[in-house]
Amino acid sequence: MTKSQNISYILHHQGEDNLPYGAVSPPVFQTSIFCFPSFGEFCAALGDEVNRSLYTRGNNPTVNLVEEKLAALEGAERAKIVSSGVSAISHAIMAFVESGSHVVCVEDCYSWTRTLLSSYLARFGVTVTYVEGTVTEEIFAACRPETRLIYLESPTTFTFKIQDIPVIAREARRRGIKTIIDNTWATPVFCKPHEMGVDLVVHSGSKYFGGASDIIAGVIAGSKADIDKIQAEEFLQLGTVPDPFMAWLMLRGLRTLHIRMEAHFKGALDAASFLENHPRVESVLYPFLASHPQAALVKKLYDGGSGLFSFRLRVKSQDEVARFTDRLRLFKRAVSWGGYESLVFPYAVKYPVGADIPPERLGLVRLHIGLEKPEDLIADLEEALR
Ligand SMILES: *Cc1c(COP(=O)(O)O)cnc(C)c1O
């Protein structure tokens, strides 16, 4: 356990002590099948598909190496990579519910999490209640006898609301309710929810784990029993297989994760503080600003913050939002986040040009602070605000 907590050990040695030819970087096992020297060994592998390399839809050594490191980073017994963050979320939720189950979920969760619960799983008799998530009592007041799962995402990524992770996990466990959290924003560098008692931690690996905006990937981490179950059922059945080369790119990203996260944190704090003091900005939603309504809880749960936050521009029309957005030169206009590059995502882009936008959403702008020099990014923001 002490070894698995040490990021230097994880990055250099975990699973890599016997690489062929003394290679520093492990090979990519770009193979779909594995063959066996005898009937007996073939038979043994076929009988233990969860643990053995037989077919890459089940296990692959490149994928397994990254999984071992990810489990260690989260302080979990086991982790599984899948082909997208949405797939990780779907596998984890579907592992814990059945027809007739009720789920309590935070209302500002990732949009595809919401469609899974409200539309897709509704077809199979799963019901859901959404709660704001900032008041723990409200979460448990929404629970019913048939509640099987509480789904958290902290912070939510546009509104940046925090949930009291260890308190919720403890009470859920006492009631026999499973918990899942989307930890994509913080990464295990800044928060380890499984160690706080959450059953399953899910991630979009397309964000900071890859770190270069060049892969789509998902991660599920938890106890060996829970992950073995997911591998044997949802994973092998639904077949959202991680490609070995994608896993290898994620491994390369993980080597620099902690250094990148520190840089994103510093840049985001600088940019958020600048914006907070600008007259054209109404408010800034960054968990590590003293002005965040849950600042004390943030300090208790998180060792740092990532590069993603929102702010509210003082604007009266979608056109003003468009002018600000188009004026930025270092921030690219795109969805997603977690790469080396800075991005801007105005909420108003979700509406057709000229549409009526609710005032509380009109000026909402999400930024991802990349790895550029913070002073250059601030100069770019200042220019566009002017
Ligand atoms: C991007 C994202 C996802 C979905 O991940 P994909 O890899 O795009 O499928 C889930 N949760 C959060 C918080 C995200 O930002």
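Every chain's residues receive numbers from 1 upward, in the order its sequence appears when written. Reporting of local features is limited, given that this is a predicted model, to residues whose pLDDT is at least 70; pairs of side-chain atoms are given and counted only at 80 or more, and all residues count toward the totals for whole chains, interfaces and linings. Side-chain descriptors were evaluated using all non-hydrogen atoms of the structure, hydrogens and water having been removed beforehand.

### Overview of the sheet that holds strand β12 (residues 364–368)
One bridge is not enough; two strands pair if DSSP finds at least two bridges between them. What counts as a helix is a DSSP run of H or I of at least four residues, what counts as a strand is a run of E of at least two, and both are numbered from the N terminus. As summarised here, the arrangement of the five strands in space is β8-β9-β12-β11-β10, forming an open sheet in which the pairing is mixed. Strands with a single pairing partner mark the edges of an open sheet, and in this sheet they are β8 (281–285) and β10 (332–333). Here β10 pairs with strand β11 (residues 343–346) via two bridges, running parallel. Counted as the bridge partner of Arg333 is Val344 from β11. Every residue pair with non-hydrogen atoms within 4.5 Å of one another is taken to be in contact. To define axes, lines are fitted to C-alpha atoms, for helices over the stretch in contact only, and angles between the resulting N-to-C directions are given on a 0 to 180 degree scale. Contacts from helix α12 (residues 257–276) reach β8, β9 (308–313) and β12 within the one sheet, and its direction differs from that of β9 by about 10°.

### Comments concerning the domain arrangement of the protein
Here the limits of each domain have been adopted from an automatic or database domain assignment. Structurally, the protein comprises domain 1 (3–254) and domain 2 (257–385). At the junction of the two partners, domain 1 supplies 34 residues and domain 2 supplies 38 residues. Defined in terms of a 1.4 Å probe, buried area is the accessible area two parts forfeit on being brought together, summed over both. Overall, the association of domain 1 and domain 2 removes approximately 3000 Å² of surface from exposure, summing both partners, and the carbon and sulfur fraction of that is 65%. Broken down residue by residue, the surface that domain 1 buries against domain 2 is led by Phe158, Phe190 and Tyr208, which jointly contribute 32%. Note that Asp164 is salt-bridged to Lys300, the shortest N-O span being 3.6 Å. Pairs of N or O atoms within 3.5 Å make up the polar contacts considered here, provided that, within protein, one atom can donate a hydrogen while the other can accept it, and that residues adjacent in sequence are counted only when both atoms are side-chain atoms. Here domain 1 is connected to domain 2 by 17 residue pairs in polar contact (both at pLDDT 80 or more). Among the secondary structure elements, those contributing two or more residues to the side of domain 1 that touches domain 2 are α2 (7–12), α8 (165–174), α9 (187–190) and α11 (244–254). The biggest single contributor to the side of domain 1 that touches domain 2 is α9, with three residues. Note that Gly is not counted as nonpolar here; it falls among the polar residues with everything else outside the nonpolar set of Ala, Val, Leu, Ile, Met, Phe, Trp, Tyr, Cys and Pro and the charged set of Asp, Glu, Lys and Arg. Split into classes, the residues belonging to the side of domain 1 that touches domain 2 amount to 19 nonpolar, twelve polar and three charged. In what follows, salt bridge is the name for a side-chain nitrogen of Lys or Arg lying within 4 Å of a carboxyl oxygen of Asp or Glu.

### With respect to the site of the ligand
If you check the shell around the ligand, you find 13 residues, and the closest are Val86, Asp182, Ser204, Ser206 and Lys207. Each accessible area value is a Shrake-Rupley result obtained with a 1.4 Å probe; residue values ignore everything except the protein chains displayed when judging cover. Summarising the interface, the protein chains cover 90% of the accessible area of the ligand, which totals 380 Å² for the free molecule. Here a cavity is any set of points on a 1 Å grid over the protein atoms alone where a 1.4 Å probe fits but cannot get out, and a pocket is any open set with protein on both sides within 12 Å along at least 5 of 7 lines; a residue lines the site when it has an atom within 4 Å of a point. To decide whether a molecule occupies a pocket or cavity, check its atoms: if more than half lie within 2 Å of the grid points, it is inside. Mapping the ligand onto the cavity grids shows that it belongs to the largest pocket. Broken down by element, the residue count for the shell around the ligand peaks at three residues, all from helix α5 (residues 85–96). Being near a molecule or strand, for a residue, means having at least one of its heavy atoms within 4 Å of it.

### Section: the sheet that holds strand β1 (residues 78–82)
Taken in spatial order, the seven strands make up an open sheet running β1-β7-β6-β5-β4-β2-β3, and their pairing is mixed. Edge positions in the sheet fall to β1 and β3 (127–131), since each of these pairs with one other strand and no more. Within this sheet the neighbouring strands show an average axis-to-axis angle of 20°, counted without direction. For strand β2 (residues 102–106) and strand β4 (residues 147–153), the ladder comprises four bridges, and the chain directions are parallel. Paired with His102 across the two strands is Thr147, which belongs to β4.

### Section: helix α4 (residues 61–74)
Between its first and last C-alpha atoms α4 spans 20 Å; for 14 residues at 1.5 Å apiece the expected length is 20 Å, and the two agree. A simple rule labels every residue: compare its accessible area, found with a 1.4 Å probe on the protein chains alone, to the largest value its type can have, and call it buried under 20%, exposed over 50%, or partly exposed in between. The buried fraction of α4 is high, at eleven of 14 residues. If you check which residues of α4 are buried, you get Thr62, Val63, Leu65, Val66, Glu67, Lys69, Leu70, Ala71, Ala72, Leu73 and Glu74. Capping the start of α4, Asn60 holds a side-chain oxygen 2.9 Å from the backbone nitrogen of Thr62, two or three residues further along. Note on α4: the residue one or two positions beyond its end, Gly75, has a positive phi of about 70°. Expected span of a helix, by definition, is 1.5 Å for each gap between consecutive residues, and there is one gap fewer than residues.

### Thoughts on the packing of aromatic side chains
Centres within 6.5 Å make a pair out of two Phe, Tyr or Trp rings, where for Trp the six-membered ring is used; the pair is then stacked when the planes are under 30 degrees apart, edge-to-face when over 60, and tilted otherwise. In total, this model carries 14 aromatic pairs according to the counting rule given. Ring geometry for Tyr286 and Phe309: centres 5.5 Å apart, planes at 70°, overall edge-to-face. Of this pair, Tyr286 sits in the loop between β8 and α13 (295–301) while Phe309 sits in strand β9; the two residues are 23 residues apart in sequence, bridging distant segments of the chain. For the pair Tyr286 and Phe309, a shared accessibility class is recorded, and that class is buried. Their ring planes at 85° and their centres at 6.0 Å tell us that Phe311 and Phe324 sit as a pair that is edge-to-face. Here the residue Phe311 occupies a position in strand β9, and Phe324 occupies one in helix α14 (residues 318–327), the gap between them amounting to 13 residues. Residues Phe311 and Phe324 agree in their burial class; the two are buried. Among the aromatic residues, ring-to-ring pairing joins Phe160, Trp185, Tyr286, Tyr302 and Phe309 into one connected group.

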